[in-house]
Amino acid sequence: MLPRVRAPAALLLSCLLLSTLLLSSGALAQQAPGLEVVHTNTTHRFLAVAPSGTAYALKLDDSSRNLYVSTDGARTWSYKGRTPLGGSFHVVTVLADGTLLADTERSGAHYLARSSDGGATWTEVLSLGNYRLLTSRNIAELDGTVYLLEYQAFTAQNAPIRLYASGNRGRTWRVKQTFEGHRHGHGLAADPAHHALWAFFGDNIQQSAILRSTQAGSAWKRVISGQNGLVVTSAVLPDGSLLYAQDINWLPGRPYIVQLAPDGTYVQLEALSGAAYSTYAVRAGGFVAGIAREPLGDAYDPAETQAHVWASLDGVEWLDVLQYPRLDPNENVRADVYDELPSGLLVLQLQNVQGFGPGGWGYQLVRFVRP
């Protein structure tokens, strides 16, 4: 594990500049942001939103093979289509051109399915077998290529994790790289400005790492190893650094929001209440992070039973702004932002939360409030 270091002035400045590019002065960054809930849905599990604003979800009282669509900002939903061959939807990603890619499951095996007509019809394009996707961020686009990093849950030991690449918008795939020494392929982050692809791996101290490629995924540099690099999703800063909330459940580590530069410079910014599954950069400036409470782990306060959403104007100063009590103490309680509507509203996906639909699923539309 790398030691905690004091932030170099240049690194802190880059983090401060990210949000203040769209704020009128640096002084605003010292004021508190907020998240205003403007709509709550307890009947659907949100999946993804297209650049056009079309949103996709599953209906909680219907089969998970049926996909629903919304064209009014995730307020109302209508049936759109089904998975091929009777499978179930798990994770959906929308590419920049509107192409849908979905992790689907049938007969205990996972497949990647593709739709080019907004979800009405689907074709299976890749057999994943025992592997699957953890979140929509297991897929990323960079320089005309679509990448997919596998996630697995069939063993706690090391397993080969494959990086797939597609040059034709997901119609066909080939193995670009096979990674050894990890348990999970948590996700990817693309940095188009620097033509760089980041890959995140877990889960224990030996298995966790963040790797970076500037050669289209054919060669990789290990930027950080151990719990300090344990992350599910990350925001990419303008200078090429990462800003992420850590996915740490076990001592001796404690979860922080951190900044990581491509040269390995690592800065802890804010201590958190638990492991994180999401860090999101708001288009108009600011950041949010979703902090979970998993049923296992000793890095939590014993009284902690909630999911939290933290917010920041500048990426340096953070505030715990929303809390959600868990429904079942034996399951993860989560509150995550992966998507933003064209209106600027963030989609807060909720899991195992009291007061929501079956299993505590649902979502809220929230507005990022700036002073």
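Residues numbered from 1 in each chain as written. Predicted model: local features only at pLDDT ≥ 70, side-chain atom pairs only at ≥ 80, totals over all residues. Heavy atoms only, no water.

A.B. asks: Teacher, can you tell me more about the nonpolar core here?
C.D. replies: Counting residues in each nonpolar core, the largest one holds 29 residues, and the members touching the most others are I139, L148, L149, W173, F179 and L188. Among the secondary structure elements, those contributing two or more residues to this core are strand 9 (123-129), strand 11 (139-142), strand 12 (145-149), strand 14 (161-166), strand 17 (196-202) and strand 18 (209-213). Setting aside chain neighbours within four positions, we find L148 in contact with L112, L128, L133, N138, I139, R162, L163, Y164, W173 and L188. Counting 21 residues, the second largest nonpolar core, distinct from the first, contains V288, V337, L346 and V353. (Core = buried A, V, L, I, M, F, W, Y, C linked by side-chain atoms within 4.5 Å. Buried < 20%, exposed > 50% of the residue type's maximum accessible area, 1.4 Å probe, protein only. Helix = DSSP H or I, 4+ residues; strand = E, 2+ residues; numbered from the N terminus. Contact = heavy atoms within 4.5 Å.)

A.B. asks: What is the right way to look at the packing of aromatic side chains in this model?
C.D. replies: For any pair of aromatic rings, the description consists of the separation of the ring centres together with the inter-plane angle of the planes. Within the structure shown, the criterion is met by 9 aromatic pairs. Both rings, one in F89 and one in W122, keep their centres 5.1 Å apart while their planes meet at 65°; by these two values the pair is edge-to-face. One end of the pair, F89, is in strand 6 (residues 88-94); the other, W122, is in the loop between strand 8 (109-115) and strand 9, and 33 residues separate them in sequence. Both residues of the pair, F89 and W122, count as buried. (Phe/Tyr/Trp six-rings, centres within 6.5 Å; stacked < 30°, edge-to-face > 60°.)

A.B. asks: Hey, could you run me through the pattern of salt bridges in this one?
C.D. replies: Pairs may arise between side chains of opposite charge once their charged atoms sit close together. Within this structure, the stated rule accounts for 9 salt bridges. Residues D203 and R183 are paired through a salt bridge, measuring 3.8 Å at the closest nitrogen-oxygen approach. You can see D203 sitting in the loop between strand 17 and strand 18 and its partner R183 sitting in the loop between strand 15 (174-179) and strand 16 (184-191), a full 20 residues away along the chain. By relative accessible area, D203 is classed as partly exposed at 25%. For the salt bridge of E340 with R283, the shortest nitrogen-to-oxygen distance reads 3.8 Å. Of this pair, E340 sits in strand 28 (residues 334-340) while R283 sits in the loop between strand 24 (276-281) and strand 25 (287-291), and the two are 57 residues apart along the sequence. Salt bridges sharing common partners tie together D97, E141 and R169. (Salt bridge = Lys/Arg side-chain N within 4 Å of Asp/Glu carboxyl O.)

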